[in-house]
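What follows is the residue order along each chain.
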Amino acid sequence: MSLSRRQVLGGLLAGGAAAGASAIGLAPAPDRRGSAAFAPSGAVDASLLNTRDAHRLLVATRRLGRRIQLGSTARADVLPDGGADANVVVVQVKVMAMFMARFLFKFGALDPSASDGSVLPYTGTQTAVATSTKRYGVPWGPRDAGSNFSGVNDPNAGVAGTFSAGTGQLTSMLLGHGIDKVSTDPRWAALRFNGWFSSILASGAPESDLGASQLGDATIYPGGARPFPPASAVAVQAFASSSMMSSSRGHAFVCTCTSEQAQPTGLGGDLAHHLDAQSIVSSPLGIVTFASGLAPDGSGGFSINDGQQPGARGTLVLGSDLSSVIAQGQPVASYVDQIHGLVQGGHVDLDLVQQLDGIRGIGTQLRSVLVDQRAQLVTAVGNMSQLPTLEGSAFFADASAAATAAAPPSLGIYGAGQGQGSSSVDDAAPAKAEFLAQCRFVQEAVKIPGLPFRNFVLALNVNDLNGHPCELSSPNFEPGARSLSPLEGMRQLAIGLNMLAQSIQAQTNGAKIFVVVSSDGGRTGNMVDSTQSPGLVLGPASGPGALTDFLYADYARMIDPSDPFTVEQGEGLDLGSTSSSRATRSGCILPSPNPDGTPTYVTASGSADPSGYPTNGGLQVGFIRHLESVAGVSGTTTAFGSSYKLQTT
């Protein structure tokens, strides 16, 4: 017999013989306790707990001493034609504060006399259109003593270089890995990734210069790092430069939402909220939201200027009104603790197979399916038990070397030892791998039968530099942020995306996994706040709605040696400039049509928008519109205006 995923999920996680009978079409005994929050089986009905925060749902289940009921909360996860579950899983990565484009890309005209990804020298202006910024042409390398820093967002900071004075070995290492050249791998070269970022993305491991990391521990990362899946299995789409939404500035959660305007209930707000409320992603156990950089008392996290409470510094998922908090970030360790507590406390029934053996008429095929699904659940939960170590300990093995940047070959000089910074003292602590623990959690969560978790928000917490060198995680003008340096953050982003790509390819439990990376804004070569930032989307390259590798950029400008965009993709309008000035500034680029002439930036009706300019919100709206077609839903973003049009096979 064929057992649907919903039936298996109900049988595995609802618990008890009555729930098992319900999973195979038998009516359970009615519950007489009368609580509206409990289903007839005595399990918690998530739809009645008035929250879509996955952590709160898990806590409530343990606190109330009930089992998890999933069947009644797996909402519109069936295609309109009555076919199989759509099984759409979305992972949003929020990079805050600010996303630095030059860590990912290398633009410019390729040097025809070289084969190593070198580009022709920049011949354009050396200063920005607004002469107060001086952002163009900042080289990779140490700063001189006079250009380190003299104040918040000092326009002269770092004009001579990106790193601290005296960091020649760091410069040599990164240049040796091709950070200032186009990747020599044809796939990544087509996306204009630089050699450094693409090599980490392709291998799934940090540079060998840094020595052993926690990822070499088989209990933390079973099987270890793997090559990035081929383009036939996983597509990568890169967005060279999108503008911060017009009336907002950085360090604000609204800048990571789908729109800067409040929307009717159930629309807009954060991407995860819109997908959940519109049943585009039907996650039975709600929205899993992570935080990084939190102190034991819950303080810390992203450098932001928002005032939402509670926990305004941690990761927040905002509702349609852009102020209500739908879900709040928690450490991986807290999620693992709740899941283990549910299993160990009998809230998730692992003995269902034995109980079904006592029910007449259970066929051997059904039992075999449940045995296999039980094994998957046990393995996934077991693997999760090691993730708090990855999250809470030094990422690299040589913690003593990482703790000082004084002399080679310490990790500190490579930006890996600068960890969790909020003051000069914090730089003495080695970097942790909180973001990678989040990616590993996603990998294990999608192995749980029935996909109870399908909507994830990950936190990549990088330092608000305000003009400081990019290998530092401090000083930070947001005390307690405990953030990574931008250099270490982009290193972990490449590794984490490789992890998530492995899960996209595997399609465990039929999961159709999509990943979107966005930010509150950008950062220029001298580490000053910018309104332009890159973005990324990963997804399946086969099946309905399959994506294809694609670069959204102005193809003529990105190879013009005289165009400032080739040396500073993060250049945008100055803080305080009007929104009307964005379209004329160097970083505001309208992406070229695809090779057959089809527009890649379109209105809500799908026609070309030749005069608009892409925003971070437009990236997410385009992402939603693509998922609508995958999940069999339509019309949820008609009021949201123009967006990118994701390219498909």
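Model, not experiment: these values are computed from the prediction. (Residues numbered from 1 in each chain as written. Predicted model: local features only at pLDDT ≥ 70, side-chain atom pairs only at ≥ 80, totals over all residues. Heavy atoms only, no water.)

Caption draft 1: Inspection of the overall build of the protein at higher detail. A tally of helices and strands in the protein yields 15 helices and 15 strands. The buried share of the protein, taken over its 649 residues, is 61%. Expressed as a percentage of contacts within the protein between residues at least 6 apart in sequence, the contacts between residues at least 24 apart total 73%. Carbon and sulfur atoms make up 54% of the accessible area of the protein, which amounts to about 21500 Å² in all. (Helix = DSSP H or I, 4+ residues; strand = E, 2+ residues; numbered from the N terminus. Buried < 20%, exposed > 50% of the residue type's maximum accessible area, 1.4 Å probe, protein only. Contact = heavy atoms within 4.5 Å. Areas by Shrake-Rupley, 256 points an atom, 1.4 Å probe, with all protein chains shown as cover.)

Caption draft 2: Inspection of the layout of surface pockets at higher detail. Here the largest pocket is characterised by a volume of approximately 330 Å³. In terms of lining residues, the largest pocket is bounded by 21 residues, among which Lys106, Val119, Asp180, Thr566 and Val567 are the most central. Grouping the amino acids of the lining of the largest pocket by side-chain chemistry returns 13 nonpolar, five polar and three charged. (1 Å grid on protein atoms, 1.4 Å probe; cavity = no way out; pocket = protein on both sides within 12 Å on 5 of 7 lines; lining within 4 Å. Points joined across faces, edges and corners; volume = space filled by probe spheres on them. Nonpolar A, V, L, I, M, F, W, Y, C, P; charged D, E, K, R; others polar.)

Caption draft 3: Just the nonpolar core, in detail. With 95 residues, the main nonpolar core has Phe103, Phe193, Phe441, Phe453, Phe456, Met490 and Leu493 as its most contacted residues. In terms of residues, this core owes the most to one element, helix H14 (residues 486-506), which gives 10 residues. Setting aside residues up to four positions removed in sequence, Phe441 forms contacts with Val288, Phe290, Val332, Tyr335, Val336, Ile339, Met384, Leu387 and Phe456. If you look at the next biggest cluster of nonpolar residues, it comprises 24 residues, including Ile280, Ala541, Leu627 and Tyr644. (Core = buried A, V, L, I, M, F, W, Y, C linked by side-chain atoms within 4.5 Å.)

Caption draft 4: Local environment of the side chain of Glu434. Residue placement: Glu434 occurs in helix H13 (residues 434-445). Despite its burial, Glu434 pairs with no opposite charge; the closest candidate is Lys432, at 4.2 Å N-O. One polar contact links the side chain of Glu434 to the main-chain amide nitrogen of Gly293, over a distance of 3.0 Å. (Lys, Arg positive; Asp, Glu negative; His and termini not counted. Salt bridge = Lys/Arg side-chain N within 4 Å of Asp/Glu carboxyl O. Polar contact = N/O pair within 3.5 Å; in protein donor to acceptor, adjacent residues only side chain to side chain.)

Caption draft 5: Geometry of the confidence of the model for the protein. Looking at the protein as a whole, the pLDDT averages 78, with 70% of positions reaching at least 70. The low-confidence segment residues 1-44 (pLDDT under 50) makes 99 contacts with residues lying over four places distant or belonging to another chain. Note on residues 582-587: pLDDT is under 50 here. Beyond four places in sequence and across chains, it has 27 contacts. (pLDDT = per-residue confidence, 0-100.)

Caption draft 6: Representation of the sheet that holds strand S3 (residues 88-96) in the model. Read from one edge of the open sheet, seven strands run S5-S8-S3-S9-S12-S4-S13, paired in mixed fashion. At either end of the open sheet lies a strand with only one pairing partner, and these are strand S5 (287-289) and strand S13 (550-552). Taking each pair of neighbouring strands and ignoring which way they run, the sheet shows an average axis angle of 15 degrees. Alignment of S3 against strand S8 (residues 455-461), held across seven bridges, turns out to be parallel. Pairing of Lys94 across the sheet is with Ala459, part of S8. (Pairing = 2+ DSSP bridges. Axes fitted to C-alpha atoms, helices over the stretch in contact; angles between N-to-C directions.)

Caption draft 7: The pattern of salt bridges, seen in detail. The full count for this structure, using the stated rule, is 12 salt bridges. Close ionic contact of Lys106 with Asp180 constitutes a salt bridge, the shortest N to O distance being 3.0 Å. On the criterion of sequence distance, the pair formed by Lys106 in the loop between S3 and helix H4 (168-176) and Asp180 in the loop between H4 and helix H5 (186-190) is long-range, its members being 74 residues apart. Relative accessible area serves as the criterion here: at 12%, Lys106 is assigned to the buried category. For Asp563, the salt bridge identified is with Arg557, shortest N-O distance 2.9 Å. Shared partners join several salt bridges into a network, and the residues in it are Glu207, Glu488 and Arg491.

Caption draft 8: View of the pairing of strand S9 (residues 512-519). S9 sits mainly inside the fold: seven of its eight residues count as buried. Looking at chain direction, S3 and S9 are connected through eight bridges and run parallel. The partner of Val88 across the bridge, within S9, is Lys512. In this sheet, strand S12 (residues 532-540) lies alongside S9 in antiparallel orientation, the contact comprising three bridges.

Caption draft 9: Spatial organisation of the packing of H13 against H14. Where H13 meets H14, the closest approach of the two axes is 9 Å, and the angle between their N-to-C directions is 0 degrees. The angle between the axes of H13 and H14 places the two elements in the roughly parallel class. Listed contacts from H14 to Glu434, Phe435, Leu436, Cys439, Arg440, Val442 and Gln443 of H13 are Gln492, Leu493, Ile495, Gly496, Met499, Leu500, Gln502 and Ser503. (Parallel < 35°, antiparallel > 145°, perpendicular 65-115°, else oblique.)

Caption draft 10: Here's a closer look at helix H3 (residues 54-63). Turning to H3, its buried residues number three or more, namely Ala54, His55, Leu57, Leu58, Ala60 and Thr61. For H3, the N-terminal capping position is held by Asp53, with its side-chain oxygen 2.9 Å away from the main-chain nitrogen of His55.

Caption draft 11: Structural context of the packing of helix H8 (residues 332-344) against H13. Running from amino to carboxyl end, H8 crosses H13 at an angle of 35 degrees, the nearest separation of the two axes being 10 Å. Contacts from Val332, Tyr335, Val336 and Ile339 of H8 reach H13 at Ala437, Gln438 and Phe441. In terms of residue class, the contact of H8 with H13 is made up of six nonpolar, one polar and no charged.

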